[in-house]
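Inside the fold
Now for the letters of each chain:
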Amino acid sequence: MNTAGKSQENTGFGTNASNYGGRFINKDGSANVEKRGMFLLRRISWYHTMIAMPQWRFLLTLLLFYMGMNFIFALLYFSIGIEHLNGIDPSGTELGKFGQAYFFSAQTFTTVGYGHISPVGFLASALSAAEALIGLLSFAIATGLFFGRFSKPTAFIKFSDNALIAPYREGTALMLRLTPFKNTDLTDAFARITMRRSDNENGAMTNRFFALDLELDRINVLSLSWTLVHPITPESPLYGLSAEDFTSINGEFIVHLTAFDDMFSNTVATRTSYTFDEVVYGAKFDSMYTRNESNSKTILHLDLLNSYQKVDFKEK
């Protein structure tokens, strides 16, 4: 590999490659780190977990919590005695009685209180009062989580699955593509790429990091696709690499992107990474946008984000 360029020491990643496993950054931008040595509940931020989890899992978690809490309280009411819940038919089956206790719990938990069933006695009344309080607190937390998920500044950016070594002017360049995929207005977008490679130095594997110069590292408006281009010049640490080198060298490209979102009036950030085996050697991206039939609007084809064509450098 070309030794040109000065390696970075302030990346935040360690240099001892023998202590690291796999890539540094996952494709979704999260750190590829598993934390151990502390009790599980202490090393997990439940707020961050609930805010960051996928929408289907978030809604499923709320549903399971709601059903589980009502099931627990229904068991408690049932253990106290159905006779302490006025309005339940004592001649019904045990399953039917439990079902009525469950729906009484749901009415109490949500503080709806239809009045068809009411607690009788101290234990049942105290339990229903405690459940009403827990229900109020639970819905307050759920409301805060919903607001946090909807109001969280998010960079709705998708990156191409692969980076390419593509023709560029009289030579080649490393290229990867990104695009906003929602109806957001992003301005003042800034990108940087850091390359990590593992080298054998004096018999020990060492991580070295290099900042890759980009043709454009900042654009005023990000409304269409943006292809990040690193020209492979004699000063580039990628200079002289062949297709076989990308399959044999342990390396990674770490991509950071920040932009200003007009809707949130805040800066949003995202990141991803490409390992060397995710680089396609000898290809170029297809265009993602065209004009419409009336030539009055530009159409951005999001489904073409990963579309590329193989090329032969020998023809250039």
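Values in this document were obtained by computation on a predicted structure and should not be read as measured data. (Residues numbered from 1 in each chain as written. Predicted model: local features only at pLDDT ≥ 70, side-chain atom pairs only at ≥ 80, totals over all residues. Heavy atoms only, no water.)

1. Considerations on the overall build of the chain
When helices and strands are tallied, the chain shows five helices and 16 strands. A compact globule built from 316 residues should have a C-alpha radius of gyration of about 20 Å, whereas the chain, at 29 Å, is more than 25% larger. A principal-axis box enclosing the C-alpha atoms of the chain has dimensions of 90 × 65 × 35 Å. The proportion of buried residues among the 316 residues of the chain is 36%. (Helix = DSSP H or I, 4+ residues; strand = E, 2+ residues; numbered from the N terminus. Rg over C-alpha atoms; globule rule 2.2 N^0.38 Å. Buried < 20%, exposed > 50% of the residue type's maximum accessible area, 1.4 Å probe, protein only.)

2. Description of the side chain of Arg149
Locating Arg149 in the fold gives a position in helix α4 (residues 122–151). Only 3.2 Å separates the side chain of Arg149 from the backbone oxygen of Ile51, close enough to count as a polar contact. If we ignore the near neighbours within four places in the chain, the residues touching Arg149 are Met50, Ile51, Ala52, Met53, Pro54, Gln55 and Phe58. (Polar contact = N/O pair within 3.5 Å; in protein donor to acceptor, adjacent residues only side chain to side chain. Contact = heavy atoms within 4.5 Å.)

3. A closer look at the UniProt feature "domain: Potassium channel" (unreviewed entry) in the chain
UniProt records the feature "domain: Potassium channel" (unreviewed entry) at residues 72–149, using the numbering of this structure. Here residues 72–149 is 68% helix and 5% strand, with 28 Å between the C-alpha atoms at its ends. (UniProt positions renumbered as here; feature names shortened; annotations may be inferred.)

4. Some thoughts on the nonpolar core
Nonpolar side chains tend to gather and get buried jointly when the protein is soluble and globular. The biggest cluster of nonpolar side chains holds 32 residues, and the ones touching the most others in it are Leu222, Trp226, Leu238, Phe253 and Leu257. Considering every element that reaches this core, the biggest residue donor is strand β6 (residues 186–201), with five residues. Once you skip the residues sitting within four places of it in the chain, Phe253 turns out to touch Leu174, Ile193, Thr194, Met195, Leu212, Leu238, Phe246, Thr272, Ser273, Tyr274, Phe276 and Val279. Ranked by size, the runner-up nonpolar core spans 11 residues in total, among them Leu85, Phe104, Phe109 and Ile117. (Core = buried A, V, L, I, M, F, W, Y, C linked by side-chain atoms within 4.5 Å.)

5. Observations regarding α4
Taking 1.5 Å as the rise per residue, α4 with 30 residues should run 44 Å; its terminal C-alpha atoms sit 43 Å apart, in good agreement. What α4 keeps buried is the set Ala124, Leu127, Ser128, Glu131, Gly135, Ser138, Ala142, Leu145, Gly148 and Arg149. Looking at the buried positions of α4, the neighbouring elements they touch are α1 (46–52), α2 (55–80), α3 (94–109) and β2 (118–119). (Expected span 1.5 Å × (residues − 1).)

6. Focus on the packing of α2 against α4
Their axes nearest at 11 Å, the elements α2 and α4 cross at an angle of 175°. Classified by the angle their axes make, α2 and α4 are roughly antiparallel. Judged by residue contacts, Gln55, Phe58, Leu59, Leu62, Phe65, Tyr66, Met69, Asn70, Phe73, Leu76, Tyr77 and Ile80 of α2 engage Leu123, Ala124, Leu127, Ser128, Glu131, Ile134, Ser138, Phe139, Ala142, Leu145, Phe146 and Arg149 from α4. (Axes fitted to C-alpha atoms, helices over the stretch in contact; angles between N-to-C directions. Parallel < 35°, antiparallel > 145°, perpendicular 65-115°, else oblique.)

7. What to know about the pairing of strand β4 (residues 163–168)
Counting buried positions along β4 yields five of six residues, so the element is predominantly enclosed. Counting the residues that bridge the hairpin from β4 to strand β5 (residues 171–180) gives two residues, and of these Arg169 lies at a positive phi of roughly 50°. (Pairing = 2+ DSSP bridges.)

8. Let's talk about the packing of aromatic side chains
Evaluation of the coordinates by the stated rule reveals 12 aromatic pairs. Cation over ring: Arg149 sits above Phe58, and NZ or CZ is 4.4 Å from the ring centre. The ring centre of Phe181 lies 5.0 Å from the NZ or CZ of Lys158, which sits over that ring. (Phe/Tyr/Trp six-rings, centres within 6.5 Å; stacked < 30°, edge-to-face > 60°. Lys NZ or Arg CZ within 6 Å of the ring centre and 35° of its normal.)

9. Brief notes about the pattern of salt bridges
Scanning the entire structure with this criterion turns up six salt bridges. Salt-bridge contacts for Arg218 lead to Asp188; the nearest nitrogen and oxygen are separated by 3.1 Å. Of this pair, Arg218 sits in strand β8 (residues 218–222) while Asp188 sits in strand β6, and the two are 30 residues apart along the sequence. As a salt-bridge pair, Arg196 and Glu252 come within 3.0 Å of each other at their nearest N and O atoms. One end of the pair, Arg196, is in strand β6; the other, Glu252, is in strand β10 (residues 251–261), and 56 residues separate them in sequence. (Salt bridge = Lys/Arg side-chain N within 4 Å of Asp/Glu carboxyl O.)

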